[in-house]
Amino acid sequence: MEEKLDFARVRKLMVENQLISRGIRNKKVIDVFLKIPREKFVPEHLKEYAYEDGPLSIGKGQTISQPYIVALMTEALDVKGGEKVLEVGTGSGYQSAILAEMGCEVYSIERIPELARTAKKVLEGLGYNVKIKVGDGTLGWDEFSPYDRIVVTAAGPEIPPSLYNQLKDGGIIIMPVGDRYFQDLILVKKIGTRMERRSFGGCQFVPLIGTGGWKDEGEM
Ligand code: SAM
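Cut-offs and rules
- Residues numbered from 1 in each chain as written.
- Predicted model: local features only at pLDDT ≥ 70, side-chain atom pairs only at ≥ 80, totals over all residues.
- Heavy atoms only, no water.
- Buried < 20%, exposed > 50% of the residue type's maximum accessible area, 1.4 Å probe, protein only.
- Helix = DSSP H or I, 4+ residues; strand = E, 2+ residues; numbered from the N terminus.
- Salt bridge = Lys/Arg side-chain N within 4 Å of Asp/Glu carboxyl O.
- Axes fitted to C-alpha atoms, helices over the stretch in contact; angles between N-to-C directions.
- Left-handed = near helix turned anticlockwise from the far one by under 90°.
- Contact = heavy atoms within 4.5 Å.
- Nonpolar A, V, L, I, M, F, W, Y, C, P; charged D, E, K, R; others polar.
- Pairing = 2+ DSSP bridges.
- Right-handed = clockwise from strand over helix to strand, strands pointing away.

## Things to note about helix α3 (residues 67–77)
And then number 1: Within α3, 10 of the 11 residues are buried, leaving the element largely enclosed by the surrounding structure.
And then number 2: Considered for burial, the residues of α3 that qualify are Pro 67, Tyr 68, Ile 69, Val 70, Ala 71, Leu 72, Met 73, Thr 74, Ala 76 and Leu 77.
And then number 3: Looking one or two residues past α3, Asp 78 carries a phi angle of roughly 50 degrees, positive in sign.

## Overview of the pattern of salt bridges
Where side chains of opposite charge bring their charged atoms close, a pairing between them can arise.
And then number 1: Enumeration over the complete set of coordinates arrives at 12 salt bridges.
And then number 2: Here Arg 111 makes a salt bridge to Asp 216, at a shortest N to O gap of 3.2 Å. Placement of Arg 111 in the loop between β4 (105–110) and α5 (113–125) and of Asp 216 in the segment after β9 (194–203) is noted, with a sequence separation of 105 residues between them.
And then number 3: On the basis of relative accessible area, Asp 216 is assigned to the partly exposed category, the value being 43%.
And then number 4: We note a salt bridge from Lys 120 to Glu 124, for which the minimum N-O separation is 2.8 Å. Of this pair, Lys 120 and Glu 124 both sit in helix α5, separated by 4 residues, roughly a single helical turn.

## Some details on the packing of helix α1 (residues 7–19) against helix α2 (residues 27–35)
And then number 1: In contact at an axis separation of 8 Å, α1 and α2 are set at 145 degrees when each is read in the N-to-C sense. At the point where α1 passes α2, the crossing takes the right-handed sense. Only Ile 30, Phe 33, Leu 34 and Lys 35 of α2 make contact with α1, whose side of the interface consists of Arg 11, Lys 12, Met 14, Val 15 and Leu 19.
And then number 2: Class assignment for the residues of the contact of α1 with α2 results in 6 nonpolar, no polar and 3 charged.

## Observations regarding the pairing of strand β3 (residues 84–88)
And then number 1: Taking burial as the measure, the 5 residues of β3 include 5 buried ones, the bulk of the element.
And then number 2: Judged by which residues are buried, β3 turns out to be covered on both faces: Lys 84, Leu 86 and Val 88 on one side and Val 85 and Glu 87 on the other are all buried.
And then number 3: Relative to β4, β3 runs parallel, the two being bridged by 5 bridges. Bridge pairing in β4 links Leu 86 to Tyr 107.
And then number 4: In this view, the connection linking β3 to its parallel neighbour β4 by way of helix α4 (residues 94–101) has right-handed handedness.
And then number 5: Bridge count between β3 and strand β6 (residues 147–152): 4 bridges; the pairing is parallel. The residue bridging Leu 86 from the neighbouring strand is Ile 150, located in β6.

In short, the description is geometric, and any link to function would need to be established separately.
Structure, rendered in structure tokens:
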């Protein structure tokens, strides 16, 4: 007989072995990762790998990021609840769910319509009210700006100016910045006319395609 995977158990192991052991300390972040069913955000045939220590394919050449990277970005965003957050790169919707569960008002942009549609369905099914639109996220979502936080989950050559302009004073933006294959996870805090920049180290993300990112190579 086929054995059913105990997702709650593997989720707990993921939190202990991948997040806490690598230094994730924020209790709220840990609790949210213990709660959100990551298996719902991956394609049916990959559900058994949902809690593995790496990114997984979600189709259309895109990925759901490694749990640790999502946790690191979430912790770095330093949200308390109530913040207005813009996410660029909805992908599976997992990062959106994490932020919504943290009490944020989440706006998310995805350039691939099929992914946006699937993410919306999964998020609604779990009861999260995330506003999603299809478009070029490097231009931001001016209608609802300014944002307290902006999280970019695809890698670009630099922080797109439109995103920086849509950030509140005192706000934080986090994004992988580098070339198409290797990047640094960069956090920028906007303080008046000054920007405070810090690096969280190396990472590898899929490319940010658009006006403020890379050109589409048409390989999809
Ligand atoms: N946050 C996602 C999650 O939790 O599953 C992971 C996203 S995946 C690593 C990056 C996503 O960014 C892909 O779905 C890709 O299509 C999207 N993307 C790339 N360039 C974009 C752009 N200019 N605007 C919006 N989305 C973009």
